[in-house]
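Survey of secondary and tertiary structure
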Amino acid sequence: MSGNYDILIIGSGILGVSIAFELGKLGYRTLNIDKLPAAGFGSTSNTCAIIRTTYSTLDGTAIAYESLFSWKNWRTYLETDDELGLAQFKETGGLLIKPNGFDMTRYLKLHDRLSIPYEIWDRKKLLQRMPHFSDDSFYPPKRYDDPCFTSKSTEKINDTVVFFPNVGYINDAVLSVHNVQRAAENKGGEFLFSKKVVKIRQSNGRVIGVQLSDGMTIKAPIVVNASGPHSFLINRMAGIEGRMKIKTRPLRHEVHFVPSPPEYSYEKDPIQVSDGDLGGYHRLETGKLILVGSEDPECDPKEWIEDPDHFNRAVTDAQFKTQVYRLALRIPSLPIPNRQKGIVDLYDVSDDWIPIYDASDLKGFYLAVGTSGNQYKNGPAVGHLMAEIIHACENGHNHDEDPVKVKLRHIDYTLDTGIFSRNRDVIQNSTFSVLG
Ligand SMILES: Cc1cc2nc3c(=O)[nH]c(=O)nc-3n(C[C@H](O)[C@H](O)[C@H](O)COP(=O)(O)OP(=O)(O)OC[C@H]3O[C@@H](n4cnc5c(N)ncnc54)[C@H](O)[C@@H]3O)c2cc1C
């Protein structure tokens, strides 16, 4: 450690490393501190790494589309190599299925505004392209033990199915974070692992550094909270939690793996699907598997976690059956394994499931939190916008009164970062789910 830092970043997940990289480009000397032994070992390690552009707000859609250009041109974005190799973007295409009566123009208008390509398929085309699919509707989503679980609605799914050709997923999320760590180091950034921040040090209303659990103190006039599901604890340490209108808390989530059906071709059907009719999503996973998750329909109980260091990391029978059986309604030939496999991790959920990218009431203390299960894909754009917010505020700009505007690099759009304010009113047109 050189010991002389402009900015400390708590966390080395996808957001922490992306922020370090962008701050390094502006000439700041950064140190990321993480209590785990390597970058990307926190909640990012269990992300499904789905890259899609469907969000409920224009700004949310814009940062997703903007980031897609970096994922697609990863080596160019990183400006460096990594001895471990580079993560790969798998351009699978993505399908959006909704129940009958859902107004698809909600998403399409945002995509039109940003010139994001999509195709409209009707049910007939869906069945031509995905012959192993059922077009029956089972809306509203139910738990597997609901007596009406398999009851078909009298209507079919929405006749407007949207196909997004250039979305996909990243094949190795932890490697992608390591790649950005190397990119940040290439700009002079430093990393400290296996060290836990236990105190945010302050003087005269300004942050002056952090204290670690081994008693060591590290000085810097700027600290960024990018601690994922631990964000509320760090905000409490900084004494700002009570002064934020929008708060964050950890939510436990399960994702399951099942074998793909025999007729599902890894080569011909490389599609990831958001299925609002069933309240779930799925995508193909390496090893002829399908990965399946929940889109938080009302019937799925929410398991809020008090202590993000202690929660049940085992797959539960009820959630496995609910998520996997729902998928079997859409793909009737889906093999259901006896052995229930999956991963369990935490979302860092904000009150309206829209992230907080902002300054705070403590001078020099910044927030990249509340990622609500859907911000892995946005790492590149979030790194950029956080660096711009920090740079502007540290040069005297009043971001609370006049939110920083960020001209995006790849698309013709200027982001009003006020939408990500800690003091916004709850965004009512949010989906209040992982869909953002
Ligand atoms: C099951 C699951 C599936 C998901 N699927 C998708 C998806 O398909 N697409 C998508 O875009 N997003 C998805 N997400 C969301 C996405 O993964 C997260 O939004 C993103 O990874 C959060 O990154 P982060 O850097 O904020 O947090 P993290 O990766 O959790 O990093 C925070 C880091 O802070 C460290 N830390 C915490 N407290 C301290 C402390 N006191 N001292 C030092 N270090 C500390 C932690 O060790 C951790 O490494 C998913 C999330 C989950 C859980």
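Everything that follows concerns the structure shown earlier in this document.
Residues numbered from 1 in each chain as written. Predicted model: local features only at pLDDT ≥ 70, side-chain atom pairs only at ≥ 80, totals over all residues. Heavy atoms only, no water.

A short note on the pairing of strand β17 (residues 289-294)
For β17, the tally of buried residues reaches 5 of 6 residues, placing the bulk of the element in the interior. Across 4 bridges, the pairing between strand β14 (residues 248-259) and β17 is antiparallel. Looking at the pairing, F257 lines up with L291 of β17. Here strand β16 (residues 280-285) pairs with β17 via 6 bridges, running antiparallel. Paired with L284 across the two strands is I290, which belongs to β17. The hairpin formed by β16 and β17 contains 3 residues between the paired strands, and G287 there has a positive phi angle of roughly 95°. (Buried < 20%, exposed > 50% of the residue type's maximum accessible area, 1.4 Å probe, protein only. Helix = DSSP H or I, 4+ residues; strand = E, 2+ residues; numbered from the N terminus. Pairing = 2+ DSSP bridges.)

Points about the packing of aromatic side chains
Summed over the entire model, instances satisfying the criterion amount to 12 aromatic pairs. Look at F191 and F193: their rings are 6.1 Å apart centre to centre, the planes differ by 20°, and that puts the pair in the stacked class. Looking at F193, the relative accessible area reads 21%, which means it is partly exposed. Directly above the ring of Y169 sits R283, whose terminal nitrogen or CZ lies 3.8 Å from the centroid. (Phe/Tyr/Trp six-rings, centres within 6.5 Å; stacked < 30°, edge-to-face > 60°. Lys NZ or Arg CZ within 6 Å of the ring centre and 35° of its normal.)

Thoughts on the environment of P270
Looking at where P270 falls in the secondary structure, it is placed in the loop between β14 and β15 (272-275). Once the C-alpha coordinates of P270 and K90 are considered, the two residues, 180 residues apart in sequence, prove to be 8.9 Å apart. Apart from residues lying up to four places away in sequence, P270 is in contact with T92, G93, S265 and L284. (Contact = heavy atoms within 4.5 Å.)

Remarks on the site of the ligand
In the vicinity of the ligand lie 38 residues, with D34, S43, T44, I50 and K377 positioned nearest. Between K377 and the ligand, the recorded distance is 2.7 Å, taken from a side-chain N or O atom to an oxygen atom. For the shell around the ligand, the secondary-structure elements that each account for two or more residues are α1 (14-25) and β18 (341-350). A per-element tally of the shell around the ligand places β18 first, with 4 residues. In terms of residue class, the shell around the ligand is built from 17 nonpolar, 15 polar and 6 charged. (Near = heavy atom within 4 Å. Polar contact = N/O pair within 3.5 Å; in protein donor to acceptor, adjacent residues only side chain to side chain. Nonpolar A, V, L, I, M, F, W, Y, C, P; charged D, E, K, R; others polar.)

What to know about the sheet that holds strand β9 (residues 190-192)
In space, the 6 strands of this open sheet follow the order β9-β2-β1-β13-β20-β19, with mixed pairing throughout. Across the chains shown, the open sheet's two edge strands, defined by having one partner strand only, are β9 and β19 (356-358). In this sheet, adjacent strand axes meet at a mean angle of 20° when their direction is disregarded. The pairing of strand β13 (residues 222-225) with strand β20 (residues 365-369) spans 3 bridges and is classified as parallel. Paired with V223 across the strands is F365, a residue of β20. (Axes fitted to C-alpha atoms, helices over the stretch in contact; angles between N-to-C directions.)

Thoughts on the packing of helix α2 (residues 58-72) against helix α9 (residues 379-394)
Interaxial distance between α2 and α9 falls to 7 Å at its minimum, and their mutual angle equals 110°. One finds that α2 runs roughly perpendicular with respect to α9. Each of I63, E66, S67, S70 and W71 in α2 lies in contact with α9, whose residues at this interface are P380, A381, V382 and L385. Split into classes, the residues belonging to the contact of α2 with α9 amount to 6 nonpolar, 2 polar and 1 charged. (Parallel < 35°, antiparallel > 145°, perpendicular 65-115°, else oblique.)

Description of the pairing of β15
Of the two faces of β15, the one holding Q272 and S274 and the one holding V273 and D275 are both buried throughout. Examined bridge by bridge, strand β5 (residues 94-97) and β15 share 4 bridges and lie parallel to one another. Residue pairing in the sheet places I97 in a bridge with D275 of β15. Here β15 pairs with β16 via 3 bridges, running antiparallel. Considered in β16, the bridge of V273 is made with H282. With antiparallel pairing between neighbouring strands as the criterion, β15 and β16 make up a hairpin whose turn holds 4 residues, including G279 at a positive phi of roughly 75°.

Everything listed here is a matter of coordinates, which is why it stays silent on function.
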